[in-house]
Amino acid sequence: MPILKGKDILHGNQFTKKDVETILKVASEFERELKKKDTLPLLKGKILATLFYEPSTRTRLSFEAAIQRLGGGAIGMGAVESSSVAKGETLVDTIRTVSQYADVIVLRHPRTGSAKEAAEATSIPVINAGDGAGQHPTQALLDVYTIRQELGTLKNLTISLVGDLKNGRTVHALVEVLSLFQSKLYFVSPDLLRMPEEITSNLRGKGVKIVETEDMMEAARASHLIYMTRIQKERFADLSEYEKVKGSFIIDQTFLEKLNKKVTILHPLPRVDEIHPDVDAYPGAAYFRQMRNGIFIRMALLAMIFGKR
Ligand code: ASP
Ligand code: CP
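Residues numbered from 1 in each chain as written. Chains lettered and ligands numbered in written order. Predicted model: local features only at pLDDT ≥ 70, side-chain atom pairs only at ≥ 80, totals over all residues. Heavy atoms only, no water.

S.K.: Would you explain the pattern of salt bridges in this entry?
M.R.: Side chains that carry opposite charge are capable of pairing whenever their charged atoms lie near each other. Inspection of the entire model under this criterion finds 17 salt bridges. We note a salt bridge from E117 to R111, for which the minimum N-O separation is 3.0 Å. Residue classification places E117 among the partly exposed positions, given a relative accessible area of 30%. The exposure class of R111 is partly exposed, given its relative accessible area of 40%. Among the charged side chains, a salt-bridge network with shared partners connects E33, K36 and K37. (Salt bridge = Lys/Arg side-chain N within 4 Å of Asp/Glu carboxyl O. Buried < 20%, exposed > 50% of the residue type's maximum accessible area, 1.4 Å probe, protein only.)

Right, dumping it as structure tokens:
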């Protein structure tokens, strides 16, 4: 039985190491194929629906591009204000409706747990493209794809995750996937934005070595890779709290000169001020390659969900 056929993609902890290796293998096949041709029509006639209740550039457009590169089509609800959500329709009713028109749903929603709720309301696969401060599992897969591409391996790496570890759904999903590969993790954040205790203790229980610190330089010196994140302003109920922590960690030329060793830098993007544009030309700055990899991973996931790989 193909591993993802007919399945939802909801959480970074749903994959085994073997699943991750298979997904990465299929994604790299697609990356190679797309160098030779524009489309691989494995999903002719399939329709993907994008339901984004929060802003997105990369995730929505790369899913739409992925289904089209596979020969299928995409429909989108557009902005929440222009759909019947504005009239008060519930998520469950919206999901039931869209299930009549599409074969797979990609959902981004501000409520943690919303993707699971949506998956329970329909028999078609639901892909979680970000549920509040919860999870962003397809991002985690493109992140590990990029890490392996940049560093040649996923095993025994030391990785610093920096920024808003409390609200960052990308890091919540990524640490689950990294926990399969014997990583050592530095969690670098202001005290206010520490990784939730539940996640940290669960990872420690699985044998992951974790160091929590506010010292980005110390962590970077010990690491092969730095994963920067944006402080998630939209999750702050009190904006004066945001003001206290904004700009806490910034990578710029001065930081890299002081660091004085090559390091790989990822960021799920969008960035605000965490990485100065001067850093973009640094050979280890891999965030634009990372965003490109979203297309290969999302093609792999869609092909596998429909049993075509
Ligand atoms: N784009 C990512 C997300 O939606 C990261 C971010 O917005 O900071 O979770
Ligand atoms: N990385 C990411 O999820 O980007 P978008 O918010 O632009 O989709």
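After that view, the rundown keeps rolling.
S.K.: I keep staring at the site of ligand 1 and nothing clicks. Help me out?
M.R.: Surrounding ligand 1, one finds R108, H136, R169, T170, R230, Q232, L269 and P270. Within the contact set of ligand 1, a nitrogen atom lies 3.0 Å away from a backbone nitrogen or oxygen of L269. Here ligand 1, which alone exposes 260 Å², has 92% of that area covered by the protein. Within the shell around ligand 1, the residues separate by chemical class into 2 nonpolar, 3 polar and 3 charged. (Near = heavy atom within 4 Å. Polar contact = N/O pair within 3.5 Å; in protein donor to acceptor, adjacent residues only side chain to side chain. Areas by Shrake-Rupley, 256 points an atom, 1.4 Å probe, with all protein chains shown as cover. Nonpolar A, V, L, I, M, F, W, Y, C, P; charged D, E, K, R; others polar.)

S.K.: Sorry, what's going on with the pairing of strand β4 (residues 126–131) here?
M.R.: Along any regular strand the residues' side chains alternate between the sheet's two faces. The buried fraction of β4 is high, at 6 of 6 residues. Pairing of strand β3 (residues 104–109) with β4, which is carried by 4 bridges, proceeds in the parallel orientation. Bridged to L107 within β4 is N128. Once the chain exits β3 it traverses helix α4 (residues 114–120) before rejoining the sheet at β4, and the crossover so formed is right-handed. (Helix = DSSP H or I, 4+ residues; strand = E, 2+ residues; numbered from the N terminus. Pairing = 2+ DSSP bridges. Right-handed = clockwise from strand over helix to strand, strands pointing away.)

S.K.: Got a minute to help me understand helix α11 (residues 287–305) in this structure?
M.R.: In this model α11 runs 27 Å from its N-terminal to its C-terminal C-alpha over 19 residues, within 8% of the 27 Å that 1.5 Å per residue would give. By the largest-angle criterion, N293 marks the main kink of α11, which is about 25°. Where α11 ends, the next residue or the one after it, G307, has phi of about 70°, a positive value. (Expected span 1.5 Å × (residues − 1). Bend = angle between axes of the 7 residues up to and from the residue.)

S.K.: How do you make sense of the nonpolar core when you look at a structure like this?
M.R.: A general tendency of soluble globular proteins is for nonpolar side chains to be buried together. Counting residues in each nonpolar core, the largest one holds 62 residues, and the members touching the most others are L161, F187, I297 and L302. In terms of residue count, α11 provides more of this core than any other element does, 10 residues in total. Contact partners of F187, with chain neighbours within four places excluded, come to L161, L165, V175, M195, T200, L203, I210, V211, E212 and T213. (Core = buried A, V, L, I, M, F, W, Y, C linked by side-chain atoms within 4.5 Å. Contact = heavy atoms within 4.5 Å.)

S.K.: I would appreciate a short explanation of the site of ligand 2 in the present structure.
M.R.: Every residue lining ligand 2 is accounted for by S56, T57, R58, T59, R108, H136, Q139, P268 and L269. A distance of 2.8 Å separates an oxygen atom of ligand 2 from a polar atom in the backbone of T57. One of the side-chain N or O atoms of Q139 is found 2.9 Å from a nitrogen atom in ligand 2. Relative to its unbound accessible surface of 250 Å², ligand 2 loses 92% to contact with the protein. In terms of residue class, the shell around ligand 2 is made up of 2 nonpolar, 5 polar and 2 charged.

S.K.: Can you walk me through a positive patch on the surface in this structure?
M.R.: On the surface, K18, K25, R32, K35, R69 and R292 cluster together into a patch of positive charge. Among the elements that line the positive patch, the one with the most residues is helix α1 (residues 17–36), at 4 residues. Following the sequence through the fold, R292 ends up in helix α11. (Patch = residues over 30% accessible without salt bridge, like charges linked within 9 Å, V, L, I, M, F, W, Y side chains within 5 Å. Lys, Arg positive; Asp, Glu negative; His and termini not counted. Charge placed at Lys NZ, Arg CZ, Asp CG, Glu CD.)

S.K.: What am I meant to see in the pairing of strand β1 (residues 47–52) here?
M.R.: Taking burial as the measure, the 6 residues of β1 include 5 buried ones, the bulk of the element. Pairing of β1 with strand β2 (residues 73–76), which is carried by 4 bridges, proceeds in the parallel orientation. Bridge assignment links T50 to a residue of β2, and that residue is G76. As a crossover connection, the stretch from β1 through helix α2 (residues 58–69) into β2 is right-handed. Here 5 bridges tie β1 to β3, and the two strands are oriented parallel to one another. When the sheet's bridge partners are listed, L51 is paired in β3 with L107.

S.K.: How should helix α3 (residues 91–98) be read in this particular structure?
M.R.: Structural remark: α-helix, 3.6 residues per turn; residues separated by three or four positions point the same way. Regarding α3, the residues found buried are L91, T94, I95 and V98. For α3, the angular spread of buried residues about the axis comes to 100°, placing them on one side. Those residues of α3 that are buried are in contact with β1, β3 and α4. (Arc of directions from axis to C-beta.)

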